[in-house]
Amino acid sequence: MPSGVDYRPVWDMASLQSALPEHPALILTHSALPEEMAPAVASRHRLCGMIHMPLYERSPRGLRHYHRLFAVSHHVRHSALSHGLANLHPEPLYAVADLAPRGASRAVMSGSPYEWDRRKFRDRFLGWGQRAFNINAGGEPYSRSSEVSIGIVSRLTPIKQFPEMLSILAPIIARHPEVKLEIFGSGGYASIRDIMRALLPAREQVRWWGPQSDVAAVYRNLDYVISGLPEKEALGLNLIESQMCGTPVLAVRAPPFTETVVDKVSGYLFCDPRKDGGREFAQLLDHLGDRDIRADPRDATQHLARFSAAAFQARLGRALEALG
C-alpha cells in the first residue's frame, strides 16, 4: 500500500464505528459488512463495495444496505442481480493483468504443491514429514518434455473444481500420450489429494511444480493454459495473463470465460464436460498438436486492451463519476 496509509484494526461494531471518519465519507469494502453493521455505516457514509466472487450458493445480506456495488465481471454482476440486488454499477471493473515477478527468483523450478494449515494436527504432522524426509523439496528446473504441454496455472482451491473436471478429462488425456499436464500452483492437502485421485488415469503424463514467482515465464513455456469449471469463478485472471503472454487458453464455454476468451482467436472454448462427458474436449485434443492452426492471442488486440492498466483506470473513473 502507498505510504501514509493508516491501518486501523476492526473486530466488532464499536471498533468499526470509532475507526471511521466523523464526517460523511466514501467507504469502500472488499468483503460484505455483516447485516448488523452495514445499515449503521450506510446511514452516516456513502457505503460502496467490491464483489470479487459470484454469489453462488450464498447471498451476504449486508450487501442490500450498500449505496453502490461494483462487480469484477458481468458474470459476478448477474449473480448479484439474480439475488435481488439492484444497487449495482452497470459496468464491470474487470482487472489488470500484472505480470511482474512476485519474488526475486525468475527461474521456473519445482516446489511443493502443498499449503499446510498449521491449525490442523494432520497438516502439521504431514508438513513436518515433508521437511524431515525432503519430500517435494523442489529445485528441479522446468523443461518441456512433450509435444503438447497444457498447464494449470492457478491456486488449487475448491472454487476451481479441478477434481470434478479432471475426473472426466483425465481418461481422455490418457489417450493422448503426447500431451503433458503441467501443474503450477498450490493448495490445501485435501485439494491436492482429490486432484491426484482424479488424475490417476493420466498420472504418467502429469508433473507438479508448485507455485512460481515469475508466472510470465511459466505461461511462455506452455502451449496452452486450461481453466477449471466456471460457475464459482469470478473472472479467470490466470487466463487473461496467459493470453497477454501469447499463450492460448482452453476454457469451458460459459461465463465468465466467455467474457475473457475470444473463441478460436485467443483460445478455444469447449462444452462443459459435465454435460457431454468430455466429448468436445476430446475433439479439441485431437487437433491441439497442429501448430499451423494454433490460436494466437496477440491477434485479439482489442479484446486484450480491456485488461490493460489504462482501460482499468478509465472504468474506475466512470465508476467514481457515477457516484457523484
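Everything here concerns the structure above.
First, a word on what this report is: a plain description of the structure on this page. Bear in mind that the values here come from a model prediction, so they are computed numbers and not experimental data. (Residues numbered from 1 in each chain as written. Predicted model: local features only at pLDDT ≥ 70, side-chain atom pairs only at ≥ 80, totals over all residues. Heavy atoms only, no water.)

Quick look at the packing of helix α5 (residues 162–174) against helix α6 (residues 189–198) now. It is the contact of α5 with α6, at a shortest axis distance of 8 Å, that shows an interaxial angle of 15°. As the angle between them shows, α5 and α6 are arranged roughly parallel. In this structure, α5 meets α6 at a crossing whose hand is right-handed. Contacts between α5 and α6 involve F162, P163, L166, S167 and A170 on the former and, on the latter, D194, I195 and A198. Partitioned by chemical class, the residues of the contact of α5 with α6 number 6 nonpolar, 1 polar and 1 charged. (Axes fitted to C-alpha atoms, helices over the stretch in contact; angles between N-to-C directions. Helix = DSSP H or I, 4+ residues; strand = E, 2+ residues; numbered from the N terminus. Parallel < 35°, antiparallel > 145°, perpendicular 65-115°, else oblique. Left-handed = near helix turned anticlockwise from the far one by under 90°. Contact = heavy atoms within 4.5 Å. Nonpolar A, V, L, I, M, F, W, Y, C, P; charged D, E, K, R; others polar.)

For the rest of this paragraph, the subject is the sheet that holds strand β6 (residues 206–208). By way of backbone hydrogen bonds, the strands of a sheet pair with one another, either parallel or antiparallel. Taken together, 6 strands build an open sheet; the order of strands is β6-β5-β4-β7-β8-β9 and the sheet is parallel. On the outer flanks of this sheet lie β6 and β9 (267–270), each paired with one strand and no other. The average undirected angle you get between the axes of adjacent strands in this sheet is 25°. With 2 bridges joining them, strand β7 (residues 224–226) and strand β8 (residues 249–252) adopt parallel strand pairing. The residue bridging I226 from the neighbouring strand is L250, located in β8. Along the sheet, helix α8 (residues 237–244) makes contact with β4 (148–153), β7 and β8, crossing β8 at roughly 150°. (Pairing = 2+ DSSP bridges.)

On to the packing of aromatic side chains, then. Within the structure shown, the criterion is met by 7 aromatic pairs. Pairing Y114 with Y189 gives two aromatic rings, centres 6.3 Å apart and planes at 20°, and the pair type is stacked. Taken together, the residues Y114 in the loop between α3 (74–82) and α4 (121–132) and Y189 in helix α6 connect sequence positions 75 residues apart. By relative accessible area, which is 19% here, Y114 ends up buried. Y189 gets classed as partly exposed once you look at its relative accessible area, which sits at 24%. On the basis of an interplanar angle of 15° and a centroid distance of 6.1 Å, the ring pair of F184 and W209 is categorised as stacked. Here F184 is found in strand β5 (residues 179–184), whereas its partner W209 is found in the loop between β6 and α7 (215–220), with 25 residues between them in sequence. Considered together, F184 and W209 belong to a single accessibility category, that of buried residues. The structure contains a cluster of three or more aromatic residues connected by ring pairs, namely Y142, F184 and W209. (Phe/Tyr/Trp six-rings, centres within 6.5 Å; stacked < 30°, edge-to-face > 60°. Buried < 20%, exposed > 50% of the residue type's maximum accessible area, 1.4 Å probe, protein only.)

Now for the pairing of β5. A regular strand places its side chains on the two faces of the sheet in alternate fashion. For β5, the buried fraction is high: 6 of the 6 residues fall into the buried class. Of the two faces of β5, the one lined by V179, L181 and I183 and the one lined by K180, E182 and F184 are each fully buried. Note that β4 and β5 share 6 bridges and pair parallel. Considered in β5, the bridge of I150 is made with L181.

If you look at the biggest cluster of nonpolar residues, it comprises 55 residues, and the most contacted ones within it are I150, L166, I226, L250 and F281. Looking at this core, the element that brings in the most residues is α5, giving 7 residues. Counting 27 residues, the second largest nonpolar core, distinct from the first, contains V41, L69, A319 and L323. (Core = buried A, V, L, I, M, F, W, Y, C linked by side-chain atoms within 4.5 Å.)

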